[in-house]
Amino acid sequence: MFKKILIANRSEIALRIQRSCQEMGIATVAVHSTADNEAMAVRFADESVCIGPAQSADSYLSMRAIISAAKITNADAIHPGYGFLAENADFAEMVEAHGITFIGPEPKHIKNMGDKIAAKKIALKFGLPIVPGSGGAVENINDAKKIAEKIGYPILIKAAKGGGGRGMKIVNEKSQIEDNFSLCRQEALAAFGDDEVYIEKYLPSPRHIEVQVCGDGKGNAKHFWERDCSIQRRHQKVIEEAPSPVISEKQRIEICEKAKACSEKIAYRGAGTFEFLFQDGEFYFIEMNTRIQVEHPVSETICKIDLIAEQILIAANEKREWSDTPKKMGHAIELRINAEHPETFMPSPGKIENYHAPGGLGVRVDSAIYRGYVIPPFYDSMIAKLIVSAPNRQLCIARAMRALNEYAIEGIDTNIELHKKILAQEKFKNGKYDIHWLENSLMQAQQG
Ligand code: ADP
């Protein structure tokens, strides 16, 4: 087992990883930028190393600085968290080349799944249903037109290296395809350094449902059921829950078993997520994330498991049990609390003048903020995750509302009021919405 782990991340996920390490008796090293000198994960770590200035490019994304910090502190392993270097195959390779364990999948899996075209090919080969589309890169406008005619409009042009909900263009009819095709390529090149694009059928009204898996890298894997992440804004998740309120037990078992089987066939190592769109009773694979995800606590809650500990145990080659599927219990909902204006969504960094986190039965808050903490303007605006659990969905929603009412964050704007509005909607309570519902209902509310 590792004696010391360096956590190459910040904020709530750095603290989350640190908590598991502490419970497992593993020493921790926090790395941080100069903007994060006062961070909770830095204070609670056994050792900390400042790796650069506030800008992520020179600190949290600096592979050399992070590996040097691991060498200086004698860390046995590096946990990348999510974002930053978590899905950078070169980083994983570099870490291993320095004799340090990378807590995550093999570089080849990071690389293949990071390329959406390659990922879809793998998914198809190993039995996952995919969205009808080009099947590979689309080189020119004539090919794009032919494929669009074949699968039928509307279509989606997507950047092969895209991410974070960016690099996608919807084309509703033939007359729009030329402009959108070249625009998508230009934008893909500017944003992701690669102008390769592919085409998919655009699903007008899907849910986003994903399956959490873990594998040992030797052909054993298990799943931890699904999460429904259909409450989104600009393709970014706002609320996640488990189990999904819209699929049958039969559909659930089928898709989870398929994701598990695919993980086994590719001999996947560590934690990962297969993301699907779900519409009219059918699942369509869209991508795999080869890391721990923001919304992992939802699965931890219903499966009563520590997924970060699982990642660490797998990376350390410890014996795990692979034959059983975890029992799922009750319902869990995660609400992402962002430092942003609830209506304009403008980021709202600054000092937290007053802070009171909710508590009580079934309430978990994953956050690294506190009274007096100054949220720096340089990073993601998510400052806390409120995770609520209850025996069923109805009680879970009531508990989430109660917890939101207790939550006091003063001095900055947050989206707490937006969450209350969402939870109060009949459509949310009935589970009857698709991935566009939040944005459409927000727009209507603003216009009205
Ligand atoms: P990213 O890596 O940028 O998150 P994804 O391929 O996972 O990209 O897609 C992000 C979101 O875009 C999905 O959750 C969904 O909201 C939407 N989306 C992706 N593909 C389609 C599609 N074929 N039809 C409709 N919506 C889609």
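First things first, this report covers the structure right here in the doc. Bear in mind the structure is a predicted one, so any value in this text is a computation, not a measurement.

Each value, and the rule that gives it
- Residues numbered from 1 in each chain as written.
- Predicted model: local features only at pLDDT ≥ 70, side-chain atom pairs only at ≥ 80, totals over all residues.
- Heavy atoms only, no water.
- Core = buried A, V, L, I, M, F, W, Y, C linked by side-chain atoms within 4.5 Å.
- Buried < 20%, exposed > 50% of the residue type's maximum accessible area, 1.4 Å probe, protein only.
- Contact = heavy atoms within 4.5 Å.
- Near = heavy atom within 4 Å.
- Polar contact = N/O pair within 3.5 Å; in protein donor to acceptor, adjacent residues only side chain to side chain.
- Helix = DSSP H or I, 4+ residues; strand = E, 2+ residues; numbered from the N terminus.
- Nonpolar A, V, L, I, M, F, W, Y, C, P; charged D, E, K, R; others polar.
- Pairing = 2+ DSSP bridges.
- Axes fitted to C-alpha atoms, helices over the stretch in contact; angles between N-to-C directions.
- Salt bridge = Lys/Arg side-chain N within 4 Å of Asp/Glu carboxyl O.

### Some details on the nonpolar core
Logical step 1: Core analysis: the largest hydrophobic core is formed by 53 residues, its most contacted members being F2, I5, F274, F276, F285 and I312.
Logical step 2: With sequence-adjacent residues up to four places away left out, F276 is seen in contact with L128, P129, R207, H208, I209, E210, V211, I255, F283, Y284, F285 and I286.
Logical step 3: One finds L15, I239, C396 and L438 within the second-largest nonpolar core, a separate group that totals 40 residues.

### Quick word on the site of the ligand
Logical step 1: Around the ligand sit 21 residues in total, of which K116, K158, G165, E287 and I435 are the nearest.
Logical step 2: Separating an oxygen atom of the ligand from a side-chain N or O atom of K116 is a distance of 2.7 Å.
Logical step 3: Among the elements of the structure, β6 (155–159), β8 (197–201), β12 (269–279) and β13 (282–289) are those that each provide at least two residues to the shell around the ligand.
Logical step 4: Taken together, the residues of the shell around the ligand break down into eight nonpolar, six polar and seven charged.

### Considerations on the sheet that holds strand β9 (residues 207–216)
Logical step 1: Strand order in this open sheet of eight strands is β13-β12-β9-β10-β11-β14-β19-β17, and the pairing throughout is antiparallel. Edge positions in the open sheet fall to β13 and β17 (363–367), since each of these has one partner strand only. Averaged over all pairs of adjacent strands, the angle between their axes in this sheet comes to 25°, without regard to strand direction.
Logical step 2: Two strands pair when backbone bridges link them, and β9 and β12 are joined in this way by ten bridges, in the antiparallel orientation.

### Structural notes on the pattern of salt bridges
Logical step 1: One pass over the structure, following the stated rule, counts 36 salt bridges.
Logical step 2: Residue E300 is joined to R16 by a salt bridge in which the shortest nitrogen-to-oxygen separation is 2.7 Å. In this pair, E300 is assigned in helix α10 (residues 296–303) and R16 in helix α1 (residues 11–23), connecting sequence segments 284 residues apart. Take E300 and R16: they sit in the same class, and that class is buried.
Logical step 3: When the shortest N-O distance is used, the salt bridge between E240 and R336 registers 2.7 Å. Of this pair, E240 sits in strand β11 (residues 236–242) while R336 sits in strand β14 (residues 331–338), placing them 96 residues apart in sequence.
Logical step 4: Residue classification places E240 among the buried residues on the basis of a relative accessible area of 0%.
Logical step 5: The exposure class assigned to R336 is buried, which follows from its relative accessible area of 12%.
Logical step 6: Residues participating in the shared-partner salt-bridge network are E210, R227, K237, E240, E275, E295 and R336.

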